[in-house]
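# Results of the structural survey
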Amino acid sequence: MAWTKNVLRVNLGDATCTSESLNMDWATQYLGQRGLATKYLVEEVDPKVDALSPENKLIMATGPLTGTVASTGARYSVITKSPLTGAIACSNSGGFFGAELKFAGWDMVIIEGRSDEPVYLSIENDKAQLLPAADLWGKSVWETDETIRTRHQDPQMRIAAIGRAGENGVLFACIVNDLHRAAGRSGVGAVMGSKNLKAVAVRGTRGVSGDSIRDPKAFMSAVSAGKKVLADNAVTGQGLPTYGTQVLMNVINEVGALPTRNWKDSQFEGANKISGEAMHEPRASDGKPNLVTNAACFGCTIACGRISKIDETHFTVKNKPEYWGASGGLEYENAWSLGADTGIDDLEALTYVNYICNEEGMDPISFGATVAAAMELYEAGLISKEQAGAVELKFGSAEALAQAAEMTGRAEGFGKELGLGSKRLCEKYGRPELAMVVKGQEFPAYDSRGIQGMGLTYATSNRGACHLRSYTVASEVLGIPAKTDPLVSDGKAELVKAFQDATAVVDSSGLCVFTTFAWSLEDIQPQIAAACDGDWSLDDLQTMGERVWNMERQFNMAAGLTAEDDTLPKRLLEEPAKTGPAKGKVTELAKMLPEYYRIRGWSEDGVPTKETLARLGL
Amino acid sequence: MLRSLHIDPKKCTGCLQCELACSFEHFGAFNPAKSVIRVFNFHQEGRFVPYTCTQCAEAWCLHACPVDAIRANAETGAKEVIDALCVGCKVCTIACPFGTVNYSQDTGKVMKCDLCGGDPQCVQACPTAAITYVDADWTGLERMRAWAARANAGAGESAQA
């Protein structure tokens, strides 16, 4: 089984918390987490609703392997309709919150309606209640975490909260759990804020009983085999623990796919200064490295997390001792969005801004990318210094970035405009083509002119531009599971579909997608099959992944998105890369997209055919 | 030869695999709330520290127990709680200077590390060897080795020079 079979339904309008049984027919078709919660969402929410209205729902869902001894069994996802994209939002987070929710006896929490007053949800095993949060409103994620723990006199609570960004409707606000892990993308924090829900605090002491595992002996053996594969693999056994995802900074720069200065360039001259290697280097100022240690999420035997300390004399934290302690450091995406994309090579400044993103509760990818777009608008003379908050909002200015971060979370001055995201910002200043987004969501850190498969990945991702829906970088750059040429678009449609479907499986299981640097579905399937009732052969899992993908697509189409939204900004389609291995290349989306639709079993307009839907049981 | 748990916090990543293994061994559930080894996260310092019973030779808990429910296992050196005898009076939890004996609401007994009968599951589960099970007389051996390596560093070069 592995599911607790309990769903907590919280109606904020009525202030009620009720327990209901998990729909096991759905669980055996959609597994858990991303898949299962999406099924609940499409059944319960009209795709056309305003994402910030009480009619939208917010689901926090664990997977069947969340909270078990399976390596990386930490994950939970937040599923809702996104205010940033108008499409489905599905943001995945690690840390310890997800496992704690499971230990309290819940597979998922469905949050509906809107509270008149700020509240937070307290869950202690089967006791769930809404408590007043008027005093927490206006507080940061970090203050909220500490205040709730103190109030409950329970240091063992695990807390997921929004910061001021979520309260203020920043469209890329996230939900932060365990201080620096986040359900980061697509503005799920803004949805939570629109519901007047400040935090969810959980304490679970029931655990996941061995009796709930279908075949405990087979499970333990499959889990052990999986851990050995992770330990023996060069990426998950060495690269990630040592450098975190930041192991990629120099690699991606070398292949000419590190988007720089709002994607005007594809290589950053300062990449080595903000890389994983640089985080290990002793600083000139105090002789200490930026990185303090690596850290694991719950149950993870990889431990890619970064814990950093900022140089106390750095301009960002001088006389601000509250930022002198250790906290979550830079991962590759954040180092890129806050750094290369803005042309800033100041590692300490990027670390500080990353702290602020965690503290205020905003997605550093979208935030950094929005600042990058604003910098291009500023340099084009479309935003004045006064409008920008009395700073030179130029590429390379760490001062401008730090001030923008502080102002955005608090929705002060120009921060209010940044909080709308790059699409709306660039539209406002008359240059919509400068917004580096798909479906309104900002890109992550891979230039598709140099990694062609990522172009198709971005264009077709159900939640807008994203690297975590099909990470073809694994194949195209790292050779996992097999090397393909990053500059060639042939064959990428098939690759993207395979990655998309497999990732949907991982995201529905409770496991972390980073395991797939080492694990294939062949390593994951025995763990799921041993834990869960139902038919979970490799074929069943792959079909389930494809089912989830198509279901998300259907939600988006019903929300009003069409094939016209499966596209990229002009810059990636028409402006060739200027330097590096991809010099002269554009993204060959027009070659890949029709083939992708065909392989997916969709019409030329990107609509799943009746046959496809029937085959997938949709 | 007795063995001891040996903990090197520098190697700990805070993953809690030890807690999961411990609770599964003793309670058949993945449940950190039931683990008798606990990992503490000193967030501001970026340190993770696993902590559990050190199996004192003259164990306070054992001497404090009014019903003789805590006994030394001669083979492993573990001070074990005999559940059939424990009355849940919690005097041992007061006596232990380290806080490593604790009461369980579910069972009405106290729980503490019993070294899993000589095959500690936390050791098996730890992915970074932050927890090892070594000769009880030589828990300092690895630290000595590290210092020895430093003490001798460069000796070869100076001899050749």
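Before going into details, it helps to say that this report is about the structure given with it. In this text the structure is predicted, and so the values were computed from the model without any measurement.

Next up on the list: the overall build of chain B. Within chain B one finds six helices and nine strands. When the 161 residues of chain B are sorted by exposure, 39% land in the buried category. Working note: accessible area of chain B is about 8900 Å², and carbon and sulfur atoms make up 54% of it. Taken together, the 14 basic and 16 acidic charged side chains of chain B have centroids lying 5 Å from each other.

So, on to the pairing of strand β1 (residues 6-11) of chain A. Residues and elements named next belong to chain A. Counted residue by residue, β1 has five buried out of six residues, so it is predominantly covered. When β1 meets strand β2 (residues 16-21), the two strands line up antiparallel, connected through six bridges. Across the sheet, valine 7 pairs through a bridge with glutamate 20, a residue of β2. Here β1 folds back onto β2 in antiparallel fashion, the turn holding four residues, of which alanine 15 has a positive phi close to 55°.

Another aspect to go through is the packing of aromatic side chains. Applying the stated criterion to the full structure yields 20 aromatic pairs over all chains. Pairing tyrosine 76 of chain A with phenylalanine 97 of chain A gives two aromatic rings, centres 5.0 Å apart and planes at 55°, and the pair type is tilted. Linking tyrosine 76 of chain A in strand β4 (residues 76-81) with phenylalanine 97 of chain A in helix α3 (residues 97-103), this pair joins segments that are 21 residues apart in sequence. According to the relative accessible area criterion, tyrosine 76 of chain A is buried, its value standing at 0%. Put simply, the rings of Tyr332, Tyr446, Tyr471, Phe514 and Phe517 of chain A touch in pairs and so form one group of aromatic residues. The lysine or arginine in question, lysine 34 of chain B, covers the ring of phenylalanine 27 of chain B, its NZ or CZ lying 5.9 Å from the ring centre. Here lysine 90 of chain B stacks its cationic end above the ring of tyrosine 103 of chain B, 4.3 Å away from the centre of that ring.

Our next topic: the interface of chain A and chain B. Taken together, the 38 residues of chain A in the interface contact 20 residues of chain B. Taken together, both faces of the contact between chain A and chain B bury some 2000 Å²; the carbon and sulfur share is 60%. At the boundary of chain A with chain B, the tally comes to zero salt bridges. Where chain A meets chain B, there are twelve residue pairs in polar contact (both at pLDDT 80 or more). Mapped by element, the contributors of at least two residues to the side of chain A that touches chain B are β13 (208-209), α7 (216-232) and β14 (291-295) of chain A. Per element, the largest residue contribution to the side of chain A that touches chain B is four residues, and it comes from β14 of chain A. Per-class residue counts for the side of chain A that touches chain B are 18 nonpolar, 16 polar and four charged. Across two bridges, β13 of chain A lies against strand β2 (residues 29-30) of chain B in antiparallel orientation. Looking at β2 of chain B, one finds that serine 209 of chain A is bridged to alanine 29 of chain B.

Below, the discussion takes up the pattern of salt bridges. Residue and element names in this part refer to chain A. Inspection of the entire model under this criterion finds 50 salt bridges over all chains. A salt bridge links arginine 9 to glutamate 20; the nearest nitrogen and oxygen atoms lie 2.7 Å apart. Residue arginine 9 is found in strand β1, and its partner glutamate 20 is found in strand β2; the two are separated by eleven residues along the sequence. Note on glutamate 20: relative accessible area 26%, which makes it partly exposed.

Met108, Phe219, Phe367 and Tyr446 of chain A are the most contacted members of the largest nonpolar core, which has 186 residues in total. The leading source of residues in this core is helix α13 (residues 364-379) of chain A, at nine residues.

Attention now goes to unusual backbone geometry. Following isoleucine 480 of chain A, the chain continues to proline 481 of chain A via a peptide bond in cis, the omega torsion being -5°. Position of proline 481 of chain A among the secondary structure elements: in the loop between α18 (473-476) and α19 (492-507). Although it is not a glycine, leucine 16 of chain B adopts a positive phi angle of roughly 70°. Here leucine 16 of chain B is to be found in the loop between β1 (3-7) and α1 (17-27). Of note, the phi angle at glutamine 55 of chain B is positive, near 55°, even though the residue is not glycine.

All names here are of chain A. Its twelve residues give helix α14 (residues 398-409) an end-to-end C-alpha distance of 17 Å, which sits within 8% of 16 Å, the value for a rise of 1.5 Å per residue. In terms of residue burial, α14 counts as a mostly covered element, since nine of its twelve residues are buried. Packed against the buried residues of α14 are α5 (164-167), α11 (332-338), α12 (347-360), α13 and α15 (414-418). Just beyond α14, the residue with positive phi is alanine 411, at close to 55°.

For the rest of this paragraph, the subject is the environment of aspartate 215 of chain A. Relative to the helices and strands, aspartate 215 of chain A is located in the loop between β13 and α7. Residues aspartate 215 of chain A and cysteine 532 of chain A, 317 residues apart in the sequence, show an inter-C-alpha distance of 8.4 Å.

This part is about the sheet that holds β14 of chain A. Residues and elements named next belong to chain A. Across the sheet, which stays open at both edges, the three strands sit in the order β14-β15-β16 with antiparallel pairing between neighbours. What marks the edges here is a single partner per strand, and that holds for β14 and β16 (327-328). Taken together, the four bridges between β14 and strand β15 (residues 305-308) define a ladder with antiparallel strand orientation. Pairing of threonine 293 across the sheet is with isoleucine 307, part of β15.

Below, the discussion takes up a nonpolar patch on the surface. On the surface, a nonpolar cluster with roughly 510 Å² of combined accessible area is contributed by Phe40, Phe42, Tyr51, Trp60 and Phe98 of chain B. With respect to the element layout, tryptophan 60 of chain B can be found in helix α2 (residues 60-64).

Here we take up the environment of isoleucine 88 of chain A. Residues and elements named next belong to chain A. Structurally, isoleucine 88 can be placed in strand β5 (residues 88-93). Sequence separation between isoleucine 88 and glycine 184 is 96 residues, and the spatial gap between their C-alpha atoms is 14 Å. Excluding anything up to four places from it in sequence, isoleucine 88 contacts Thr38, Leu41, Thr80, Asn462, Arg463, Glu552, Phe555 and Asn556.

Moving on, we come to the side chain of threonine 52 of chain B. Residue and element names in this part refer to chain B. Assignment of secondary structure puts threonine 52 in the loop between β4 (47-51) and α2. In this structure the side chain of threonine 52 is engaged in a polar contact, spanning 2.8 Å, whose partner is the backbone oxygen of valine 36. When neighbours within four sequence positions are excluded, threonine 52 is seen to be in contact with Leu5, Ile7, Val36, Ile37, Thr100 and Cys113.

What counts and what doesn't
Residues numbered from 1 in each chain as written. Chains lettered and ligands numbered in written order. Predicted model: local features only at pLDDT ≥ 70, side-chain atom pairs only at ≥ 80, totals over all residues. Heavy atoms only, no water. Helix = DSSP H or I, 4+ residues; strand = E, 2+ residues; numbered from the N terminus. Buried < 20%, exposed > 50% of the residue type's maximum accessible area, 1.4 Å probe, protein only. Areas by Shrake-Rupley, 256 points an atom, 1.4 Å probe, with all protein chains shown as cover. Lys, Arg positive; Asp, Glu negative; His and termini not counted. Charge placed at Lys NZ, Arg CZ, Asp CG, Glu CD. Pairing = 2+ DSSP bridges. Phe/Tyr/Trp six-rings, centres within 6.5 Å; stacked < 30°, edge-to-face > 60°. Lys NZ or Arg CZ within 6 Å of the ring centre and 35° of its normal. Contact = heavy atoms within 4.5 Å. Buried area = accessible area lost by both parts, 1.4 Å probe. Salt bridge = Lys/Arg side-chain N within 4 Å of Asp/Glu carboxyl O. Polar contact = N/O pair within 3.5 Å; in protein donor to acceptor, adjacent residues only side chain to side chain. Nonpolar A, V, L, I, M, F, W, Y, C, P; charged D, E, K, R; others polar. Core = buried A, V, L, I, M, F, W, Y, C linked by side-chain atoms within 4.5 Å. Expected span 1.5 Å × (residues − 1). Patch = residues over 30% accessible without salt bridge, like charges linked within 9 Å, V, L, I, M, F, W, Y side chains within 5 Å.

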